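# Examination of the molecular architecture
Residues per chain are reported as follows:
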Amino acid sequence: MNWISERKKLIGFLAIFLFIYFLPVDVNRFNDAIIGAFKLLKWYAKEHVILCLIPSFFIAGVITVFVSQAAVIKYFGVSAKKWLAYLVASISGTVLAVCSCTILPMFAGIYKRGAGIGPAITFLYSGPAINILSIMLTARILGFEMGIARVIGAVIFSVVIGLIMASIFPEKNKEKQAKQFNIPEMENNRVIWQTALHLLILILILVFVNWGEPLVDEGLWYLIYTARWFITAFCGLLLALSLIFIIKIRLIHVVIVVLAVLFTALLFPQFPLISFIVAVIGISIILSISSGEPQEWITETWGFAKQILPLLAAGVLVAGFLLGTPDEGGGIIPGDWIYTMVGGNTIIANIFASVIGALMYFATLTEVPILQGLMNNGMGKGPALALLLAGPAISLPNMLVIRGVLGNKKTMVFVLLVVVMAAISGWIYGSLF
Amino acid sequence: MIIKILGVGCQKCKNLDKLMLTIRDRYNLKYEVQKVTELDDIMEYGILMTPGLVINEEVKSVGKIPKEKEILKWLGVE
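Residues numbered from 1 in each chain as written. Chains lettered and ligands numbered in written order. Predicted model: local features only at pLDDT ≥ 70, side-chain atom pairs only at ≥ 80, totals over all residues.

Our next topic: the packing of helix α8 (residues 144–168) of chain A against helix α17 (residues 381–390) of chain A. All names here are of chain A. Across the interface, α8 lies against α17 with an axial gap of 10 Å and an inter-helix angle of 50°. Taken together, the axis directions place α8 and α17 in an arrangement best described as oblique. Every pair of crossing elements has a handedness; the one defined by α8 and α17 is right-handed. Packed against α8, whose contacting residues are M146, A149, R150, G153, A154 and F157, the element α17 presents L385, L388 and L389 at the interface. Broken down by class, the residue content of the contact of α8 with α17 amounts to seven nonpolar, one polar and one charged. (Axes fitted to C-alpha atoms, helices over the stretch in contact; angles between N-to-C directions. Helix = DSSP H or I, 4+ residues; strand = E, 2+ residues; numbered from the N terminus. Parallel < 35°, antiparallel > 145°, perpendicular 65-115°, else oblique. Left-handed = near helix turned anticlockwise from the far one by under 90°. Contact = placed C-beta atoms within 7 Å. Nonpolar A, V, L, I, M, F, W, Y, C, P; charged D, E, K, R; others polar.)

Set out below in structure tokens:
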């Protein structure tokens, strides 16, 4: 019996035992928080997974498979026009990096071999900040304004920070290894506008099917809201056409799916959700049986689902446990604490939110349920935006990796810039809205 | 023959690694699979996206898991 080699297991057992022994299940607050966690999880599953997340995964899949990364990467070369590099860097995050593991190598590459520290930092910051899944979920759960503010803030910000870093740390004419990037030659038998159109149709579906209920019963917004399923259906027909002509799926497959969807729509007119689900299943099936890019598309889509849903579920449970549900409150953390620290729109609240965001690690999308919980407990809009802008881009673990590439000084300046600018942006947003 | 998998450790890189080992066993090939995980070393190959597949110091694929047919072609297997 070797206690030394068994010690880890022993400690593990002891820890779990003590945890269970002292489990405060006789404390109401604790029980409420546990139930709150699951209520929030159920709410997410019911309200957001089917209509928001699933289409987003498809969109992310399209981006990964059909958009030629090579076309974008050439903007980051050593001889690229600087302003173009910044521009592309600030928005290419949506297109190039839906997986955080791609961001770091690209960042290092742009920094060391490409356009330099400015565009590299711009890319590093904007990549995680404007990932399409996060924007969609933010807009849907935290509100349209927040979603827009997040995108605009992130894009502008990323360029500003990049420029500031580039001016603080000007690069002497280093012998940049003029070794060009090793860009894979991709057979691109699809013109860029076709891919863009296909993507647009998917995005339109996503936007209209998630069109939020307005507070007033009139006006354009309300009209669109009442008609949203019809608009979505129309976009669905466009999608069918796109699948046939742009993605080149066999006509008969698409026709079968369209008929199935129509059939369910006629059968269950009060439950358009059912038709939507049938459409999703149908499309998934015909994609997986069409070899080549369609198969890659559904594979990537499924890959995203596998990667993101468990983490999101965990994030939701944690958020629900700590901060409660939108309707009933009831998290472990008392609401007043939240309000005291990040309520209103004081500079302090914004800075505090910004710092927390910078240190905390947020797996993709988890910032949304956590922020939702915080806002329900009194966090102001300003600090909320500050957290959104500082959170996804940096965290303790990724600061370490950045440090490996940039060195201590530059990393610290970068983090400082992010925290300060996030706080300022939050404060401005809070004051205006 | 030396195969190098360039990647910082994300799921795709691990999958590519597994794939190369599976191919080796299935077709009874002889090569060594090395994992390159340091950013500096990865960048020596000039790639911007991981995973990267390097066969005998030549970069064959960047940013994705290539199809088995392609890999076999690069390895010179019919």
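Residue and element names in this part refer to chain B. Strand order in the open sheet formed by four strands is β2-β1-β3-β4, with mixed pairing between adjacent strands. The two strands at the open ends of the sheet, each matched to only one other strand, are β2 (32–36) and β4 (58–62). On average, each strand axis in the sheet is inclined to that of its neighbour by 25°, with strand direction left out of account. As defined by bridge partners, strand β1 (residues 2–6) adjoins β2 across five bridges and the pair is classed as parallel. Residue K4 lies in a different strand from β2, and its bridge partner there is Q34. Most of the contacts of helix α1 (residues 11–26) go to β1, to which it runs at about 160°, and overall it touches β1, β2 and β3 (52–55). (Pairing = 2+ DSSP bridges.)

This paragraph deals with the packing of helix α13 (residues 293–323) of chain A against helix α16 (residues 367–376) of chain A. Residues and elements named next belong to chain A. One way to put it is that α13 packs onto α16 with a least axis distance of 8 Å and a crossing angle of 15°. Considered as vectors, α13 and α16 are oriented roughly parallel to each other. Regarding α13 and α16, the two cross each other, and that crossing is right-handed. Residues G315, V316, A319, L322 and L323 of α13 form the contact with α16, whose participating residues are P369, I370, Q372, G373, L374 and N376. Looking at side-chain class alone, the contact of α13 with α16 contains seven nonpolar, four polar and no charged residues.

Purely geometric numbers; function is a separate question.
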